Amino acid sequence: MELVAGCYEQVLFGFAVHPESNASVGHETWTPVADFTHHAHTASLSAVAVNSRFVVTGSKDETIHIYDMKKKIDHGSLVHHNGTITCLKFHGNRHLISGAEDGVICVWDAKKWECLKSIKAHRGHVTFLSIHPSGKLALSVGTDKTLRTWNLVEGRSAFIKNIKQNAHIVEWSPRGEKYVVVILNNIDVYRLDTASVSGIITSEKRVSSVMFVSESVLAVAGDEEVVRFFDTDSLTCLCEFKAHENRVKDMFSFEIPGHHVIVTASSDGFIKMWKLKQDKKVPPSLLCEVNTKARLTCLGVWLDRVTDTKESQLPAAEPSVSEEEQSKGNKKESGDTVQEEERQSKPNMKKRGLTGVSNKPTKGSSQVLTKKRKMVEKLGKKKRKKEKIRMMQ
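About the thresholds
Residues numbered from 1 in each chain as written. Predicted model: local features only at pLDDT ≥ 70, side-chain atom pairs only at ≥ 80, totals over all residues. Heavy atoms only, no water. Buried < 20%, exposed > 50% of the residue type's maximum accessible area, 1.4 Å probe, protein only. Phe/Tyr/Trp six-rings, centres within 6.5 Å; stacked < 30°, edge-to-face > 60°. Helix = DSSP H or I, 4+ residues; strand = E, 2+ residues; numbered from the N terminus. Pairing = 2+ DSSP bridges. Axes fitted to C-alpha atoms, helices over the stretch in contact; angles between N-to-C directions. Polar contact = N/O pair within 3.5 Å; in protein donor to acceptor, adjacent residues only side chain to side chain. Contact = heavy atoms within 4.5 Å.

Remarks on unusual backbone geometry
The phi torsion at Leu 184 lies on the positive side, around 60°, for a residue other than glycine. Backbone geometry places Lys 293, a non-glycine residue, at a positive phi of 60°. Its relative accessible area of 75% is what places Lys 293 among the exposed residues.

Rendered as structure tokens:
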């Protein structure tokens, strides 16, 4: 497995972790070893996402970078957004969804790295998004004080809920039966069947990261060094533990045989791995830690697993704009949509080695455009031939 973390210093860190049996201490020891550092962005990193092969990072430089973890090369970059990339989420191994400060949500084919859908999602920034476990729905929040539900199959808005303040985090539970919306230090717990708030969890300070460790237990971190576990049914705090010396910026959770692990990253530069107990009222135990000596912003864990054969359910459809945006009829917005679609047909994809030198030809929409051009030329020739026959008659 590999810990990957981005920072304000524009660098992506990679640390290989190998659990090893240690007879002298009577249990496994986890040791993180520095694997790589990559300076791909020209501004601070703001988001990271992982699937079975790739790690993608988003930045304030408005680009998304792709890293092939199998080959350990920089796979290229995606340039479609006009603003800081605020959130990146994979669904399975086939699709990536990105959100940015330009208010746009993009659905990407994670095989060909083509933009399949470009949705004008919010009037302001897209601050966070979360994909339902089924892959058919997504939730997004933005600076327009709305919580929006998206039909990802059709690429349109399914429901818009006005909220009193700007939310900065939204997260589905593992089974998708509930979700949470974070506004400053308040966490609103929603039930999917009623689409209404079933309770509110209040943190002492502003919440920076939330993560479901089970269907009913939520890990909460904020502008402090403590991580707390809350029961989303009873709304009570099950336990808390001091994770870092400074505020916790991001968390990640995964399961491997015999271990349920939570990883935390902090502004103090440390990445720490914790083993969760069966009883969530008992604080987790520290497995290992590593000091990056950087101000960390985002975190992910790449697990070298066999590629999941079950593909996600998002279709390779044409871009479509939400019903709300279509109904506006604003010329400026429709012009923006056309520009987005034109830009989408020419995604900026560069495949590079670690030196940044191009080593393979770009694949994707350029091939499609060539085919279209040939078809147009062919149709043109047929049309001219028909005209000549008419003139001869």
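Remarks on the packing of aromatic side chains
Considering all chains together, one arrives at 6 aromatic pairs under this definition. When the ring of Phe 54 is compared with that of Trp 113, the centres are 5.3 Å apart and the planes differ by 85°; the resulting orientation is edge-to-face. Of this pair, Phe 54 sits in strand 5 (residues 54-59) while Trp 113 sits in the loop between strand 10 (104-109) and strand 11 (115-120), and the two are 59 residues apart along the sequence. Looking at Phe 54, the relative accessible area reads 9%, which means it is buried. For the pair Phe 229 and Phe 241, a centre-to-centre distance of 5.9 Å together with 75° between the ring planes defines the contact as edge-to-face.

Remarks on the sheet that holds strand 17 (residues 178-183)
If you walk across this open sheet you meet the 4 strands as 16-17-18-19, and the pairing is antiparallel. Of all strands in the sheet, those with a lone pairing partner are strand 16 (169-172) and strand 19 (196-202), marking the two edges. For this sheet, the mean inter-axis angle between neighbouring strands, taken without regard to orientation, is 20°. Taken together, the 6 bridges between strand 18 (residues 186-191) and strand 19 define a ladder with antiparallel strand orientation. Each residue of the ladder has a partner; that of Arg 191, found in strand 19, is Ser 196.

A look at the side chain of Asn 51
The topology assignment puts Asn 51 in the loop between strand 4 (45-50) and strand 5. At 2.9 Å, the side chain of Asn 51 and the backbone nitrogen of Arg 53 are in polar contact. Reaching out from Asn 51, the side chain makes a polar contact with the backbone nitrogen of Phe 54 at a distance of 2.6 Å. Contact partners of Asn 51, with chain neighbours within four places excluded, come to Phe 90, Gly 92, Asn 93 and Trp 302.

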